[in-house]
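What follows is the residue order along each chain.
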Amino acid sequence: MQANTKNVVLEVQNITKQFPGVLANDNVSMKLHEGEILALLGENGAGKSTLMNIIYGLYHADSGSVMLNGREVHFASPREAIHSGIGMVHQHFQLIPVMTVAENIVLGEEVTNGIFLDMAEAARRVRELSEQHNLAVDPDALIEDLPVGIQQRVEIIKALYRDAQILILDEPTAVLTPQEVQELFKIMRNLAARGVSIIFITHKLKEVLAVAHRIVVMRGGRVVGTTTPQESTEASLAAMMVGREVLLRVEKSPAHPEDIILEVDGLSAEDDRGHMVVRNVSLQVRAGEVLGVAGVQGNGQTELVEVLTGLRRASSGSFQIRGRLLTNASPRAITSAGSGHIPEDRQRYGMVKSYTVAENLVLNTYYTKPFASDPNWRMLPFFGAAYTAVALISFGVMALIWNTLWDNALWPLVLGLFGITDPAEAGREAMSTPNLIGLIVLIVLTLLLGSVAHQIAVRVMRWLRPHVEPRLRHMLGGSDGLVFNYDAVDRYAERLVKEYDIRTPSVQTPGGSLSGGNQQKMVVAREFGRSPKLLIAAQPTRGIDVGSIEFIHQRIVAQRDAGAAVLLVSAELDEITALSDRIAVIYKGEIVATVPADTVTREQLGLLMAGASAEDVLRAPAEAIA
Amino acid sequence: MLSNMTTTASNNRTILTTAIGAVLAVAAAFAAASFAGPATVVAVINASIRGTVPIALGAMSGIFSERSAIVNIGIEGMMLIAAYVGFMLNVFLSGPNIPAFLQYEPVRLMVALAGGVFVGGLMGLLHALLSVRFKVDQIISGTVINTLALGLTGYLYLAGATTSGRLPPLIANPFDESAGVAYWIGEIIFNKGIITYLTVILIIAITIALFRTAWGLRTRAIGEHPRAADTLGVNVYRLQYFNLFISGCMAGLGGVFLTLEAVGSFERGMTSGRGFIALAVMIFGKWHPLGAAAGALLFGFATALQGQLQFFGINIPHQFIGMLPYLLTVIVLAGFVGRARPPAHDGVPYEVE
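First, a word on what this report is: a plain description of the structure on this page. This one's a predicted model, so the numbers in the text were calculated from it and none came from an experiment. (Residues numbered from 1 in each chain as written. Chains lettered and ligands numbered in written order. Predicted model: local features only at pLDDT ≥ 70, side-chain atom pairs only at ≥ 80, totals over all residues. Heavy atoms only, no water.)

1. Some points on the overall build of chain B
Part 1: Per the secondary structure count, chain B includes 14 helices and 0 strands.
Part 2: The helix and strand sequence of chain B, counted from the amino end, reads α-α-α-α-α-α-α-α-α-α-α-α-α-α.
Part 3: Since a compact globule built from 353 residues should have a radius of gyration of about 20 Å, the 21 Å found for chain B is in line with a globular shape.
Part 4: A principal-axis box enclosing the C-alpha atoms of chain B has dimensions of 70 × 55 × 40 Å.
Part 5: In chain B, which comprises 353 residues, the share counted as buried stands at 51%.
Part 6: Long-range contacts, defined as pairs at least 24 residues apart, comprise 77% of the intrachain contacts of chain B with a sequence gap of at least 6.
Part 7: As displayed, chain B has an accessible area near 15800 Å², and 71% of this comes from carbon and sulfur atoms. (Helix = DSSP H or I, 4+ residues; strand = E, 2+ residues; numbered from the N terminus. Rg over C-alpha atoms; globule rule 2.2 N^0.38 Å. Buried < 20%, exposed > 50% of the residue type's maximum accessible area, 1.4 Å probe, protein only. Contact = heavy atoms within 4.5 Å. Areas by Shrake-Rupley, 256 points an atom, 1.4 Å probe, with all protein chains shown as cover.)

So, in structure tokens, the structure goes:
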């Protein structure tokens, strides 16, 4: 509360912003005090980003005003906002990977002597800023070599270099590891103590309670409440944010593990640069249990999941799904073995943004019935050729038999009827009637034998088809048909949209235009809709809202209870502990410990994730009890 | 200063390769001189330089453009139009009813040169207008320029128009044949037109500008991540227009070199693919001016060697010998350069939010 006695540096009054079909901001008012950390809490689509973009000059409000230090301002572009001391750290960093930290920071406001850049002076200023604010960075390092946590510091220094007095942090923790989040909070407190005012946009409740001085909650474009961490709890904030009571703990009964579904044996893999990042990993996941893989981001989880889904080659070791050896098999082979995959980067690997929701929902089943429907034109040439061959051969054999019969028995018989013994001597007149009979017999017999040959060929085909077709289909890429049945796709999509509560105007809407949470629900619906026997979920709730997280967690547990084996990879310790039955901790590519979830504490997990030895960590509580 | 002009390891490697190449070239020149006589070697080297200049300038054009995130396959057309304009200005200014001071050869040639370069720049602006303002696909926009240039110059070309004079050697060789090696080296260093010297200066100046000035930093930034530059107040579109104008000027200078310094006359389609080779050379040099210059030199040398081989009357159909420089380009691009990393946003139109 002490911050409220300070000056108001930024005030928005009655901001309204209408987008086609959406009232993004509805009469929004709020204040920001000097040196205050103000958390702006709300689900995706609550209007937080719109409000910030209005303050930052990217959008213009339909009505209402923005007051900076008591004066009304109208920014035409972010440039003007920057010049007025507002800095924004975007969720997606605006950094140039191939340039150095110092180059990125001074870009646009370069330090020069004469016409030449003075990078030494620039580096000195960056170093000065980083020391002053405890933001350790190396000005000469290339951005692409830095972990995201450090990249974020560069973004913050970029704003400070431009004398930002107000710092807007848009979902700053979405990409950070728990340790990096703690570092960021330290930085934020430090900046606030020096008089920088911070707007912290988030939907993570723990973080809000940990770092904010004041909390503004938005829902549906409106401010629904202003509170402080002292006056609120996670549950009360979640209820404000979602508009109803939210289950923060996942309700789940004890697991009933059955057969081993996924068996990983001594698996190793390299990353794109050729470093060994998965080392000799062995684990088992049984039907009806969730195995959580806990670890700080970048310890080989990504690569492990890529190997298990066929997206990366294993350098040694093997894995089996339901007893089938699938090491280095194609993603489709792994998918059709009953494995479902929620990728960690949903926009790059989980969906095609420009495809419709319906198309996205059949992205890995489109080639099966009923989406790919008969008539199966692709198989026609094969069956056509087989039919022709069988029909011709049977016709030929029958014709040969008939020919022998005709020449040796029937033709002499016909001639005998007319009293002819030698056709060559009989003359044209006498031969005309026997010839006519012969011709009629030939025509009738061709038709007769032809239809018999057809019948034989059809029967052979009918007998052959079940034996040949699966193999043929495999050869042709496993498709069940060439024609895409949009009706079936749409019906299926509409069912999933309803069942998984995907908020979309229609199934024909491009997947990329949904909110993050709904995109993720779409991916989850696609994977769960196939009732997988094995579910590999990597960061299944990263960067999405509380309501969607709750929903996806419940669904994962439901899949488990329905008998699926679940391999959950997450950097969020809360998620791991909430969902897992057993927890495997990965550190530098190795599984350092696998423990039942209910015997291990958060602290122990944290230590294991930081590389402490399993023996020391897991023995500790026993000693404490003793 | 040039050795630390770079920011990444790959660029350092380019320079190392260039240095090794230079050493090898000098060694080869000595070996060849003892074998074929100095006159032949100097002739080949001079022919190499003549072949190098337009390619190097074309590559500079490409660097200006692609470092600003705009793919420029219109270099060929820009060169061609500038070559034509430079040539026709020279013809026109020596015609009747022209004030005497403009007819004065040095003035006339300089005006023709400037005119050609300026028109090249205008073509660059046209490319920028199409691809920045109207977001036309940059490949199509470049093709439009190439087709336009070929058609326009072919239509306007006056058969039989002859020029009086071309750019003279700027500095004559101060040594005579009695000076021995000094004379031969003088033959290489001196007796060149102004554009040749200008090219050397420009390559160095562009390298410095790209890596040591605020303009260079901003240009590299918009080539990699225009949104980042935009959020920091860099006017992306304005910079793209400016750089595309300069890009056109560079191509224009390369074109003008052909008509005013190297040949002294204009023919239909006389650039004969140099603009495209320049693009290949730019990629060979990994979008770095020095690397591109080295690539241009390699191509220029292959062209000269090809001419010399034909001159020697080696019993291979001349069409095959004529392929040499192009084959070399393909081999070098495929085999030695490996995967070059272009500016990340190259060819992607930028939309301000």
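2. Concerning helix 5 (residues 105–133) of chain B
Part 1: Its 29 residues place the ends of helix 5 of chain B 40 Å apart at the C-alpha level, agreeing with the 42 Å of an ideal helix rising 1.5 Å per residue.
Part 2: Positioned one or two residues after helix 5 of chain B, Lys135(B) has a phi angle of 55°, which is positive. (Expected span 1.5 Å × (residues − 1).)

3. Side note on the sheet that holds strand 22 (residues 565–570) of chain A
Residue and element names in this part refer to chain A.
Part 1: Taken together, 6 strands build an open sheet; the order of strands is 18-21-22-15-23-24 and the sheet is mixed. Strand pairing shows two members of the sheet lacking a second neighbour, strand 18 (339–342) and strand 24 (590–596), which therefore form its edges. Geometrically, the sheet is characterised by an average inter-axis angle of 15° between neighbouring strands, direction not taken into account.
Part 2: Two strands pair when backbone bridges link them, and strand 18 and strand 21 (residues 534–538) are joined in this way by 4 bridges, in the parallel orientation. (Pairing = 2+ DSSP bridges. Axes fitted to C-alpha atoms, helices over the stretch in contact; angles between N-to-C directions.)

4. Focus: the sheet that holds strand 12 (residues 222–227) of chain A
All names here are of chain A.
Part 1: If you walk across this open sheet you meet the 6 strands as 6-9-10-3-11-12, and the pairing is mixed. At either margin of the open sheet sits one strand with a lone partner, and together these are strand 6 (86–89) and strand 12. The sheet shows a mean angle of 20° between the axes of neighbouring strands, taken without regard to direction.
Part 2: Bridge analysis of strand 6 against strand 9 (residues 166–170) gives 4 bridges, and the strand direction is parallel. Across the sheet, Ile-86 pairs through a bridge with Ile-166, a residue of strand 9.
Part 3: Together, strand 3 (37–42), strand 11 (214–219) and strand 12 form the strand contacts of helix 8 (residues 234–242), whose direction differs from that of strand 11 by roughly 35°.

5. Let's talk about the interface of chain B and chain A
Part 1: Facing 21 residues of chain B, the contacting portion of chain A comprises 25 residues.
Part 2: When the area that chain B buries against chain A is broken down by residue, the three leading residues are Leu217(B), Thr231(B) and Leu232(B), summing to 30%.
Part 3: For the pair chain B and chain A, the interface holds 3 salt bridges.
Part 4: One salt bridge connects Asp230(B) with Arg79(A), and the closest N-O pair in it is separated by 2.8 Å.
Part 5: The tally of links between chain B and chain A comes to 6 residue pairs in polar contact (both at pLDDT 80 or more). (Buried area = accessible area lost by both parts, 1.4 Å probe. Salt bridge = Lys/Arg side-chain N within 4 Å of Asp/Glu carboxyl O. Polar contact = N/O pair within 3.5 Å; in protein donor to acceptor, adjacent residues only side chain to side chain.)

6. Quick word on the pairing of strand 4 (residues 63–68) of chain A
Residue and element names in this part refer to chain A.
Part 1: Pairing geometry for strand 1 (residues 8–19) and strand 4, over 5 bridges, is antiparallel. Residue pairing across strands places Glu-11 opposite Met-67, the latter belonging to strand 4.
Part 2: By the bridge criterion, 3 bridges tie strand 4 to strand 5 (residues 71–73) in an arrangement that is antiparallel. Across the sheet, residue Val-66 finds its bridge partner in strand 5, namely Val-73.
Part 3: With antiparallel pairing between neighbouring strands as the criterion, strand 4 and strand 5 make up a hairpin whose turn holds 2 residues, including Asn-69 at a positive phi of roughly 50°.

7. Topic: helix 17 (residues 516–528) of chain A
Part 1: The first and last C-alpha atoms of helix 17 of chain A sit 18 Å apart over 13 residues, in line with the 18 Å expected at 1.5 Å per residue.
Part 2: Of all 13 residues in helix 17 of chain A, 13 are buried; the element is thus mostly enclosed.

8. Description of the pattern of salt bridges
Pairing between side chains of opposite charge can happen when the charged atoms of each approach one another.
Part 1: By the definition in use, this model includes 28 salt bridges over all chains.
Part 2: The residue Arg220(B) makes a salt bridge to Glu103(A) at a minimum N-O spacing of 3.3 Å. A residue pair is termed interchain when its members come from two chains, as with Arg220(B) in helix 9 (residues 214–224) and Glu103(A) in helix 3 (residues 101–106). Across the pair, exposure class does not vary: Arg220(B) and Glu103(A) are buried alike.
Part 3: Note that Glu183(A) and Arg153(A) form a salt bridge whose closest N and O atoms lie 3.3 Å from each other.

9. Description of the packing of helix 2 (residues 38–66) of chain B against helix 13 (residues 289–312) of chain B
Residue and element names in this part refer to chain B.
Part 1: Between helix 2 and helix 13, whose axes approach to 6 Å, the crossing angle comes to 140°. It follows from the interaxial angle that helix 2 and helix 13 lie oblique. Crossing of helix 2 against helix 13: the hand is right-handed. In this structure, helix 2 contributes Thr-40, Val-44, Ala-47, Ser-48, Gly-51, Thr-52, Ile-55, Ala-56, Ala-59, Met-60 and Ile-63 to the contact, and helix 13 contributes Pro-289, Ala-292, Ala-293, Ala-296, Leu-297, Phe-299, Gly-300, Phe-301, Ala-304, Gln-308 and Phe-312. (Parallel < 35°, antiparallel > 145°, perpendicular 65-115°, else oblique. Left-handed = near helix turned anticlockwise from the far one by under 90°.)

10. Description of the environment of Val44(B)
All names here are of chain B.
Part 1: Among the secondary structure elements, Val-44 is positioned in helix 2.
Part 2: Taking the relative accessible area as the measure of exposure, Val-44 reaches 11% and is therefore buried.
Part 3: As for Val-44 and Ala-304, which are separated by 260 residues in sequence, their C-alpha atoms are 5.6 Å apart.
Part 4: Sequence-distant contacts of Val-44, that is, excluding residues within four places in its chain, are made with Phe-301, Ala-304 and Gln-308.

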